[in-house]
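So the chains spell out like this:
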Number of protein chains: 2
Amino acid sequence: MTTIKDIAKAAGVSVTTVSRALNGYYDVNEKTRQKIQAIAEKLSYRPNAVARSLVTKKTRTIGVILSEINREGAKDSLAFETLCGINDRATELDYDILLFSTSSKKQKSKSYADLCKERNVDGAILSGLRLHDPYLEEVVHDTDFPCVLIDIPLESREVGHVTTDNVKGAAAAVGHLIGLGHRRIAMINGHDEAAVSRDRLEGYRRALEGAGIPFDPQLVYNGGFREEGGFEAMYEIGYNRKDVTAVFSASDLMVLGALRALERMGRKAPEQMSIVGYDDIAIAAHCSPPLTTIRQDRYEMGYQSAQLLIDMLEQREVGRKIVLHSELVVRKSTAPCKE
Amino acid sequence: MTTIKDIAKAAGVSVTTVSRALNGYYDVNEKTRQKIQAIAEKLSYRPNAVARSLVTKKTRTIGVILSEINREGAKDSLAFETLCGINDRATELDYDILLFSTSSKKQKSKSYADLCKERNVDGAILSGLRLHDPYLEEVVHDTDFPCVLIDIPLESREVGHVTTDNVKGAAAAVGHLIGLGHRRIAMINGHDEAAVSRDRLEGYRRALEGAGIPFDPQLVYNGGFREEGGFEAMYEIGYNRKDVTAVFSASDLMVLGALRALERMGRKAPEQMSIVGYDDIAIAAHCSPPLTTIRQDRYEMGYQSAQLLIDMLEQREVGRKIVLHSELVVRKSTAPCKE
DNA sequence: AGCTTTATCCAAAACGTTTCGGATTTGATG
DNA sequence: CATCAAATCCGAAACGTTTTGGATAAAGCT
């Protein structure tokens, strides 16, 4: 490994000059700069990022903490799409990404903040956290550590967030069902620990009330965002609430489970049950029936997260909150109400 | 940020002693160790990994270079599953992951080796590279940089690889079709720059010849592993080779395209055309018809890659090559030949 | 007592860079 | 000719660790 010293020796100048030449300072003669650059090139010199970070206190690295990185996460590739967006924008802006998972045992002993401090990342992007995650508090209190949260509405000088308009999205979904004539519409929600669940519930409620349909808490089930949860919820609906003709689910994954439940009960969507999902995961367009759903652009969310974080890191004055739009995609899992 | 010096001062010992106490050396009195640990705890001390790396020359970080991290990559989540496996094993073994994409512009100017050198990762895992990728040569020649390749059969002291038994897998796929009575079987392959394509072609050929069916190179199409490529290939087959009753595709993604082409031509699978794919992506089980395919465990591949790389990094004597098994999954896209 | 061993500690160097605070030279200016 | 400014360079400190090569004191042995 050639170091800055080797170059200094070869060029007959001091390390200071080499450093300043290579970093484009103006107090070095153009000729010596070229000489130094030529030598650096010839020795295929690469600055040691570790050494540099030690003195500058910057690593040009952002930590990405995704709770969904595990064997099951592959089915809905939401986390992956987010990661792709983060990665693309980060690389464009010449930042690197240090990936942390929270699934392993390590999480228990080390907090995010510790991880980040230890590895000296400049900032972090967190996704998939539960609302009452103990580490979330850490983030909020530890105000000097810049980070952006995905789908968690918190803001301060050093924390921003990006999310989608979940209330509107859910309202559009339910509005679509109402437009088809459905009046008894159940909801399969995620869980209370997700901000998006609260918002989507709110959207569901507003759409109903806007149409003069009373909101009935009994019609709201929790599926925990898991396929199995969707299965169980639909099973219950099918047996206990035979008046229900349509379901709004807070995730496509749960719809997959719900469809299996319907099949098990000898019923079909959309003939005996209209369903609209959320997310527009890859499977949604291909499964049977293809899902009517609310599309949210996770790639864009990741992209914007990276942009926001780096804006913050580089002291640009910028809004701490980004809300992206979602969009109703009508496919074949919904049909006019027959009753 | 509390440093080792702060602790030394607080404990009334030298920094050497603090370092040795915290790192479990045996030449420090148990009482002083406890005292030091208590103080470290109280000051919530976290060792600065950057400073440590500078002297130890180790970062406990592995670079992960995936070519498939981009907006399109989300549909088949193969890269993501691999990443999950890598991540899980790496975290278990207390390594961190630095993510590099190759999609962006940066790639053109900086090679992988440069990236890795610059960021001082201890080793790297590369996936999605083409056989004649200019950087691959770099890897092979730069023999002092440890890395493991996914699906590229290269070996040396510092490079290992993990892959699946593609020849067997392809042979099983084609054997399944032959068992159903098919004799005119086309293949939609990926591209020549992928080792897996060569192997799968070999498996296709062997299965045919094993059944006494002559191998006809005209029946092999290249779809580039892209959905559109599958579409086009199937279109050609449908119009120019009406004798073909079955197709073996080197990826499920291309099958999705092929199915669209069939539909466009007013034909259906498996009635008018049996198709078996490869990969068993998430969509495969849900699309219509559900795909008969060869399952390969990408998560496991990632997991094993991480294990292999870290074994190499820690100087454990271990085989440089890992071959995982694949498995035929029979669903509904294949049916007995009617002719 | 003198010697060796053992246990415990530490000063200083090293890692590769950036940066602070000048130093030196050159040319222009009054 | 003395002074000043600009251009160009450099020595040394600093970043926070680990590690080398002892130093010191206490204990054990002959």
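Residues numbered from 1 in each chain as written. Chains lettered and ligands numbered in written order. Predicted model: local features only at pLDDT ≥ 70, side-chain atom pairs only at ≥ 80, totals over all residues. Heavy atoms only, no water.

Caption draft 1: Focus on the environment of leucine 177 of chain A. All names here are of chain A. Tracing the backbone through its elements, the reader meets leucine 177 in helix H9 (residues 166-179). Distance in space between the C-alpha atoms of leucine 177 and alanine 207 is 9.9 Å, their sequence separation being 30 residues. Apart from the residues within four sequence positions on either side, leucine 177 is in contact with His182, Ile185, Ala246, Val247, Phe248, Ser274, Val276 and Thr334. (Helix = DSSP H or I, 4+ residues; strand = E, 2+ residues; numbered from the N terminus. Contact = heavy atoms within 4.5 Å.)

Caption draft 2: Local environment of the protein's contact with DNA strand D. What surrounds DNA strand D is a group of 27 residues, the closest being Thr17, Asp27 and Asn29 of chain A together with Ile4 and Ser19 of chain B. In the interface set of DNA strand D, defined as its atoms within 4 Å of the protein, sugar plus phosphate atoms amount to 64%. Between DNA strand D and alanine 51 of chain B, the relevant distance is 3.4 Å, taken from a base nitrogen to a main-chain nitrogen or oxygen of the residue. Listing elements by their share of the surface near DNA strand D, those giving two or more residues are helix H2 (15-22) and helix H4 (49-56) of chain A together with helix H2 (15-22) and helix H4 (49-56) of chain B. Considering every element that reaches the surface near DNA strand D, the biggest residue donor is H4 of chain B, with 4 residues. Here the surface near DNA strand D is built from residues that sort into 10 nonpolar, 12 polar and 5 charged. (Near = heavy atom within 4 Å. Polar contact = N/O pair within 3.5 Å; in protein donor to acceptor, adjacent residues only side chain to side chain. Nonpolar A, V, L, I, M, F, W, Y, C, P; charged D, E, K, R; others polar.)

Caption draft 3: Layout of the sheet that holds strand S10 (residues 292-295) of chain A. All names here are of chain A. On the basis of which strands lie adjacent, the open sheet formed by 6 strands has the order S7-S6-S8-S9-S10-S12 and mixed pairing. With one partner strand each, in any of the chains shown, strand S7 (220-222) and strand S12 (327-329) form the two edges of the open sheet. Geometrically, the sheet is characterised by an average inter-axis angle of 20° between neighbouring strands, direction not taken into account. Two elements, strand S6 (residues 185-189) and strand S8 (residues 246-249), share 4 bridges in a ladder whose sense is parallel. Paired with alanine 186 across the two strands is valine 247, which belongs to S8. Across the sheet, helix H10 (residues 195-210) is in contact with S6, S7, S8 and strand S9 (274-279); its angle to S6 comes to roughly 175°. This element, helix H11 (residues 227-240), spans S6, S7, S8 and S9 of the sheet and lies at about 155° to S6. (Pairing = 2+ DSSP bridges. Axes fitted to C-alpha atoms, helices over the stretch in contact; angles between N-to-C directions.)

Caption draft 4: Spotlight on the interface of chain A and chain B. Taken together, the contact between chain A and chain B spans 55 residues of the former and 55 residues of the latter. A buried area of about 4,900 Å², summed over both sides, lies between chain A and chain B, and 59% of it is on carbon and sulfur atoms. Counting the surface chain A buries against chain B, the share from its top three residues, Arg71, Phe80 and His286 of chain A, is 14%. Put simply, chain A and chain B have 2 salt bridges between them. Measuring nitrogen to oxygen at the nearest pair gives 2.5 Å for the salt bridge that ties arginine 119 of chain B to aspartate 96 of chain A. Between the two partners, chain A and chain B, sit 10 residue pairs in polar contact (both at pLDDT 80 or more). Only H4, helix H5 (78-92), strand S2 (96-101), helix H7 (112-119) and helix H13 (298-313) of chain A provide two or more residues apiece to the side of chain A that touches chain B. Within the side of chain A that touches chain B, the residues separate by chemical class into 21 nonpolar, 15 polar and 19 charged. Sheet topology note: the S2 of chain A/strand S2 (residues 96-101) of chain B ladder contains 3 bridges and is antiparallel. Paired with isoleucine 97 of chain A across the bridge in S2 of chain B is leucine 99 of chain B. (Buried area = accessible area lost by both parts, 1.4 Å probe. Salt bridge = Lys/Arg side-chain N within 4 Å of Asp/Glu carboxyl O.)

Caption draft 5: Seen up close, the environment of threonine 3 of chain A. All names here are of chain A. Tracing the backbone through its elements, the reader meets threonine 3 in the segment before helix H1 (4-11). What makes threonine 3 partly exposed here is its relative accessible area of 36%. For threonine 3 and isoleucine 213, which are 210 residues apart along the polypeptide, the C-alpha to C-alpha distance reads 73 Å. Polar contacts involving the side chain of threonine 3 include one to the main-chain amide nitrogen of lysine 5, which spans 3.0 Å. (Buried < 20%, exposed > 50% of the residue type's maximum accessible area, 1.4 Å probe, protein only.)

Caption draft 6: Geometry of helix H3 (residues 30-42) of chain A. All names here are of chain A. An ideal rise of 1.5 Å per residue puts 18 Å on 13 residues; H3 measures up with 18 Å between its terminal C-alpha atoms. Of all the residues in H3, the buried ones are Arg33, Ile36, Ile39 and Ala40. Within H3, the buried residues cover an arc of 130° as seen down the axis, which keeps them to one side. Residues of H3 that are exposed and point over 90 degrees away from its buried face: Lys31, Glu41 and Lys42. At its buried positions, H3 is contacted by H1 and H2. Residue asparagine 29 occupies the N-cap position of H3, its side-chain oxygen lying 2.7 Å from the main-chain nitrogen of lysine 31. Downstream of H3 by a residue or two, serine 44 has a phi angle that is positive, lying close to 45°. (Expected span 1.5 Å × (residues − 1). Arc of directions from axis to C-beta.)

Caption draft 7: Unusual backbone geometry, seen in detail. Residues and elements named next belong to chain A. Backbone torsion omega between alanine 269 and proline 270 reads 5°, so that peptide bond is classified as cis. Looking at the secondary structure, you find proline 270 in the loop between helix H12 (252-264) and S9. Geometrically, the link from serine 288 to proline 289 is a cis peptide bond, its omega value of 0° lying close to zero. Assignment of secondary structure puts proline 289 in the loop between S9 and S10.

Caption draft 8: Structural detail: the sheet that holds strand S3 (residues 123-127) of chain B. Strands sit in the order S11(A)-S5(A)-S4(A)-S3(A)-S1(A)-S2(A)-S2(B)-S1(B)-S3(B)-S4(B)-S5(B)-S11(B) across an open sheet of 12 strands; the sheet is mixed. The open sheet has two edge strands with one neighbour each: strand S11 (321-324) of chain A together with strand S11 (321-324) of chain B. Along the sheet, successive strands turn relative to each other by an average axial angle of 20°, direction set aside. Here strand S1 (residues 61-66) of chain B runs beside S2 of chain B; their pairing, made up of 6 bridges, is parallel. Bridge pairing links threonine 61 of chain B to aspartate 96 of chain B in S2 of chain B. Contacts between H7 of chain A and the sheet are confined to strand S1 (61-66), S2 and strand S3 (123-127) of chain A together with S1 and S2 of chain B, with S2 of chain A contributing the most and set at about 145° to the helix. Helix H13 (residues 298-313) of chain B rests against S1, S3, strand S4 (147-150), strand S5 (159-164) and S11 of chain B of the sheet, and its axis sits at about 165° to S5 of chain B.

Caption draft 9: Spotlight on the relation of the copies chain A and chain B. Between chain A and chain B, which share one sequence, the superposing operator has a rotation angle of 180° and an axial displacement of 0.0 Å; the RMSD is 0.1 Å. The two molecules are tied by a two-fold rotation axis, judged by turn and shift. Here 100% of the interface residues in chain A have copies in chain B that are interface residues too; the copies meet face to matching face. (Least-squares fit on C-alpha atoms with pLDDT ≥ 70 in both.)

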